[in-house]
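# Inside the fold
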Amino acid sequence: MLHVGGEAMLSAIALHERAGSDARLREALRAADLPTGDIEDEGRTFFKAVSGDGQTIGYAGLERCGGDYLLRSVVVLPAHRSHGVGRAIVEATLSDVDGDVFLATTSATSFFSTIGFSEVPRAEVPAAVLATRQLSSICPSSATIMKLNRSPT
């Protein structure tokens, strides 16, 4: 379990590892129009983010790609949006990551830009990241690929 300090409404965020088969994870991703087709494949780790008072506030996932990572499936449940929770979830998820972190998005470029990600051309993305099902077949080719260019914490 990992903890990160939160905004005024949150005393802490704890991350609890979840299996890709978790029904609530799948439901939250579908409700946010995020892909679920590969969440039960090996090599992915998902987390349920829980507030200090025990409420589930969102989810996030990581996929290891050689020495790099693909941040995926970041979703804040509707009742907790617009309170800085998304940033706190990403920071907690990436707190122990030691490689480069990439993500693909069709709608959250501005959000991820505010926390240190910047757009990168596909030609600069490592082959192991491009070979993920997420980038090779699930996300549309028009998705923006971003790379974390500073420490998230």
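Residues numbered from 1 in each chain as written. Predicted model: local features only at pLDDT ≥ 70, side-chain atom pairs only at ≥ 80, totals over all residues. Heavy atoms only, no water.

The tally for this structure, following the rule as stated, stands at two aromatic pairs. Here phenylalanine 111 and phenylalanine 112 contribute two aromatic rings whose centre-to-centre distance is 4.9 Å and whose plane-to-plane angle is 70 degrees, an arrangement assigned as edge-to-face. For phenylalanine 112, a relative accessible area of 8% translates into the label buried. Here the aromatic rings of phenylalanine 112 and phenylalanine 117 are separated by 5.6 Å at their centres, their planes lie at 80 degrees, and the arrangement is edge-to-face. This pair shows no difference in class: phenylalanine 112 is buried, exactly as phenylalanine 117 is. One aromatic cluster is present, formed by Phe111, Phe112 and Phe117 through successive ring pairs. (Phe/Tyr/Trp six-rings, centres within 6.5 Å; stacked < 30°, edge-to-face > 60°. Buried < 20%, exposed > 50% of the residue type's maximum accessible area, 1.4 Å probe, protein only.)

Another point: the pairing of strand β5 (residues 68-76). Extensive coverage of β5 is indicated by the burial of eight of its nine residues. Between strand β4 (residues 56-65) and β5, which pair antiparallel in sequence order, lie two residues; one of them, glycine 66, sits at a positive phi of approximately 65 degrees. Across two bridges, β5 lies against strand β6 (residues 101-105) in parallel orientation. Residue leucine 70 lies in a different strand from β6, and its bridge partner there is phenylalanine 102. Viewed along the sheet, the connection from β5 through helix α2 (residues 85-94) into β6 turns out right-handed. (Helix = DSSP H or I, 4+ residues; strand = E, 2+ residues; numbered from the N terminus. Pairing = 2+ DSSP bridges. Right-handed = clockwise from strand over helix to strand, strands pointing away.)

Along the chain, the position of serine 21 falls in the loop between β2 (13-18) and α1 (23-31). By relative accessible area, serine 21 is classed as partly exposed at 48%. In this structure, the C-alpha to C-alpha distance between serine 21 and glutamate 40, residues 19 residues apart in sequence, is 5.9 Å.

Here arginine 26 lies in helix α1. A residue is classified by how much of its surface remains accessible, and arginine 26, at 17% relative accessible area, is buried. Not counting residues within four places of it along the chain, the set of residues in contact with arginine 26 comprises Gly20, Thr36, Ile39 and Glu40. (Contact = heavy atoms within 4.5 Å.)

This brings us to the pattern of salt bridges. Under the definition given, this model contains ten salt bridges. The residue glutamate 40 makes a salt bridge to arginine 26 at a minimum N-O spacing of 2.7 Å. In this pair, glutamate 40 sits in the loop between α1 and β3 (44-51) while arginine 26 sits in helix α1, placing the two residues 14 residues apart along the sequence. The salt bridge partner of aspartate 38 is arginine 44, with a shortest N-O separation of 3.3 Å. Each of Asp38, Asp41, Arg44, Glu63, Arg72 and Arg133 takes part in salt bridges that share partners, so that together they form one network. (Salt bridge = Lys/Arg side-chain N within 4 Å of Asp/Glu carboxyl O.)

For the rest of this paragraph, the subject is the pairing of β6. In terms of residue burial, β6 counts as a mostly covered element, since four of its five residues are buried. Here β6 pairs with strand β8 (residues 144-148) via four bridges, running antiparallel. Counterpart to phenylalanine 102 in the pairing with β8 is lysine 147.

A few words now on the side chain of threonine 36. Tracing the chain through its elements places threonine 36 in the loop between α1 and β3. The contacts of threonine 36, once residues within four sequence positions are left out, are Arg26, Leu29 and Arg30.

Looking at the protein chain as a whole, its pLDDT mean stands at 85, while 90% of the residues score no less than 70. Put simply, strand β1 (residues 2-4) is where the protein chain has its lowest mean pLDDT, 39, and strand β7 (residues 117-119) is where it has its highest, 95. Considering only residues more than four positions removed or in separate chains, one finds that residues 1-10, a stretch of pLDDT under 50, has 25 contacts. (pLDDT = per-residue confidence, 0-100.)

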